[in-house]
Amino acid sequence: MKHILPVILSGLLFVSCWHRYHTDKGTVFRTLYQVKYQSNIALTEKINAELEAFNLSLNPFNPNSILAKVNRNEEVEIDTLFRNVFVRAMEVSDQSNGRFDVTAAPLINLWGFGFERIDSISPEMIDSLKTFVGYRKVRMEGNRIVKDDPRVILNFSAIAKGYACDVIAALLEREGVENYLVEIGGEITAKGKNARGICWQIAINMPDDDLYLLQNTFKETVEICNKSGMATSGNYRNYYIKDGKKITHTIDPVTGYPAEQDILSATVIAHDCMTADAYATAFMVMGSEDACRLAGQISEIDYYIIYSGEDGYTRISHSDGMALRLVNRK
């Protein structure tokens, strides 16, 4: 028995270490991130290395990134990170008839929500910018991006944070981690269980311009067990007031103006957060009717849309698959 006891204690120590949950936090792409994961060792250095590689590929604010060089029309080969985002962005653009468009950067900049800002806004300026906006005006040939017009610039902000979540999730899985949650700027990739031993539970906020209410009022709680990505877009998160009018950050690439649709927020769950991120943005531009119609044609996604009815009251529309994930509906 004396020889057995140390083995048992050693085993208990191993299990105890393995069940430890780590939390890494920081700032990346001008937004906050946190990574929670169960592991016998901290993976902070490897997580930081992945984020830095992402920064050097897709961060428009980094002048040395591949994206910045593509936008400056420099001779540069794209990497796998860039390729994956570009391919998925083009797919979502096709599905949404251009309501999701990563070439809309000049319009986003014009309205003050991009990585540059133009002070003068006029119908003439919008029409001028639209001549070189359109996802069909850019393509990938081998390891290079080819533009029909050199003025075309790209902005992956509506898909990149979601993909960054997926990249970190892939790293964790390569390291043998089975339970984790990655959150970057509100976009999430999660799998397994949290430190309490239950599936990850993520709140859908009630959209409200009041910051206190936004942080403290939940509409629903979503449960994620199997690996999934979840993203929410809402105009209540990013806007400004000009001449007494609310200017929201969701820009319609087709019209060139901020989308004035009935959707207050769109939450999408997909196999990966990159896909969820892109469709959540597209839905905000499309409006509730068109968004629900498109979502019904895409089997890989579930949605929860909060919108304003014609009578002024808040309405809800969600997929059957999303209903199965709602904690208070079970």
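Residues numbered from 1 in each chain as written. Predicted model: local features only at pLDDT ≥ 70, side-chain atom pairs only at ≥ 80, totals over all residues. Heavy atoms only, no water.

A. Region of interest: the packing of helix α9 (residues 273–286) against helix α10 (residues 288–295). Contact geometry for α9 and α10: axes closest at 7 Å, N-to-C directions at 140°. In terms of orientation, α9 and α10 fall into the oblique class. Classified by chirality, the crossing of α10 by α9 is right-handed. On α10, the residues that touch Tyr279, Phe283 and Met286 of α9 are Asp290, Ala291, Leu294 and Ala295. (Axes fitted to C-alpha atoms, helices over the stretch in contact; angles between N-to-C directions. Helix = DSSP H or I, 4+ residues; strand = E, 2+ residues; numbered from the N terminus. Parallel < 35°, antiparallel > 145°, perpendicular 65-115°, else oblique. Left-handed = near helix turned anticlockwise from the far one by under 90°. Contact = heavy atoms within 4.5 Å.)

B. View of the pattern of salt bridges. Evaluation of the coordinates by the stated rule reveals 14 salt bridges. Across the pair glutamate 289 and arginine 293 runs a salt bridge, and its minimum N-O distance is 3.3 Å. Of this pair, glutamate 289 and arginine 293 both sit in helix α10, four residues apart, which is roughly one turn of the helix. The exposure class assigned to glutamate 289 is exposed, which follows from its relative accessible area of 59%. Shared partners join several salt bridges into a network, and the residues in it are Arg88, Glu91 and Asp272. (Salt bridge = Lys/Arg side-chain N within 4 Å of Asp/Glu carboxyl O. Buried < 20%, exposed > 50% of the residue type's maximum accessible area, 1.4 Å probe, protein only.)

C. Just the environment of isoleucine 145, in detail. Within the fold, isoleucine 145 resides in strand β4 (residues 144–147). Along the sequence, isoleucine 145 and valine 76 sit 69 residues apart, while their C-alpha atoms lie 8.5 Å from each other. If we ignore the near neighbours within four places in the chain, the residues touching isoleucine 145 are Val70, Ile78, Phe82, Phe86, Val138, Arg139 and Met140.

D. Representation of the sheet that holds strand β1 (residues 21–28) within the structure. If you walk across this open sheet you meet the eight strands as β1-β2-β5-β6-β9-β12-β13-β14, and the pairing is antiparallel. In this open sheet, the two edge strands, each paired with only one partner strand, are β1 and β14 (314–318). Between one strand axis and the next, the sheet turns through 10° on average, direction left out of account. As paired elements, strand β9 (residues 228–234) and strand β12 (residues 263–270) share six bridges and run antiparallel to each other. Residue pairing in the sheet places serine 233 in a bridge with alanine 266 of β12. With respect to the sheet, helix α2 (residues 44–58) is in contact with β1, β2 (31–38) and β5 (180–184), its orientation differing from that of β2 by roughly 140°. Sheet strands in contact with α9 are β6 (187–191), β9, β12 and β13 (302–308), and its direction is about 155° off that of β12. (Pairing = 2+ DSSP bridges.)

This is a description of form; function is not addressed.
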